[in-house]
Amino acid sequence: MTYRINEMFETLQGEGTFTGVPSIFIRLQGCPVGCPWCDTQHTWETRPQDQVSVAAMLAKSTAASAWAEMTADDIMDTIVAQDYQAKHVVITGGEPAMFDLLPLSQVLEANGLQLQIETSGTFELKVSRQTWVTVSPKLDMPGGYLVRPDCMARANEIKHPIAMQKHIDALDQLLARCDLREDVQICLQPISQRPRATALAMQTCIRRNWRLSVQLHKYLNIE
Ligand code: SF4
């Protein structure tokens, strides 16, 4: 089993329940969901001509579609070689659930790391029982993929970007037709730190005892 890796880096998690936690980000290449506002569109296509060495992938300084092929052991070896200190690993994309993440989670967990996956909820999840699953449900996107009830049921956290009330209404409709974990965390994330979106998200979180996710990395101007 190999994974196509767009980038690996160490930073602080800026979103959701683990905001502020030092984290190793592993961004996987490939996503067919097609969100118009996606800020990682360079991960959508996996073109053979974009394949590079692991060293070249790690050396990238700007967002680009170059990717490297790695096994779970390669990824663990790179974490050690890069001297990353974080114990939390965020698997993101692209759409990481397009890959079988069980071998990767087993290797990383055997080395004392805790995994989190960030997914659109549109692909079957293949992750360990211990993996923290963050579903950011992508509804009615051009790719035509449906948010899967089994992903919603597995979610430890549901993180939803909002700009206006209709986005909260759409989330309500989705939640009403899903079975969820009793302890699921629901986070609202104002899109692009817009003041009106932030005010709406704050009011809604306080009223419903949900969490506010502010994308801390954008306030800190870090990756
Ligand atoms: Fe972008 Fe994520 Fe939507 Fe894929 S699911 S298009 S990576 S925002």
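Residues numbered from 1 in each chain as written. Predicted model: local features only at pLDDT ≥ 70, side-chain atom pairs only at ≥ 80, totals over all residues. Heavy atoms only, no water.

Engineer: For unusual backbone geometry, give the residues involved together with the corresponding values.
Structural biologist: Residues Gly93 and Gly94 are joined by a peptide bond in cis, for which omega reads 10 degrees. Within the secondary structure, Gly94 is located in the loop between strand E4 (88-92) and helix H3 (102-110). Its identity is not glycine, yet Gln193 carries a phi of approximately 55 degrees, on the positive side. By the secondary structure assignment, Gln193 is in the loop between strand E8 (185-190) and helix H6 (195-208). Its relative accessible area of 22% is what places Gln193 among the partly exposed residues. Its identity as a non-glycine residue notwithstanding, Asn209 has a phi of 60 degrees, on the positive side. Considering the arrangement of structural elements, one finds Asn209 in the loop between H6 and strand E9 (211-212). Residue classification places Asn209 among the exposed positions, given a relative accessible area of 72%. (Helix = DSSP H or I, 4+ residues; strand = E, 2+ residues; numbered from the N terminus. Buried < 20%, exposed > 50% of the residue type's maximum accessible area, 1.4 Å probe, protein only.)

Engineer: So what's going on with the packing of helix H2 (residues 72-81) against H3? Residues and values would help.
Structural biologist: It is the contact of H2 with H3, at a shortest axis distance of 9 Å, that shows an interaxial angle of 35 degrees. Where H2 crosses over H3, the two elements pack in a sense that is right-handed. Residues Ala72, Asp73, Ile75, Met76 and Ile79 of H2 touch H3, and the partners they reach there are Pro103, Leu104, Val107 and Leu108. When the residues that make up the contact of H2 with H3 are grouped by side-chain class, the tally is eight nonpolar, no polar and one charged. (Axes fitted to C-alpha atoms, helices over the stretch in contact; angles between N-to-C directions. Left-handed = near helix turned anticlockwise from the far one by under 90°. Contact = heavy atoms within 4.5 Å. Nonpolar A, V, L, I, M, F, W, Y, C, P; charged D, E, K, R; others polar.)

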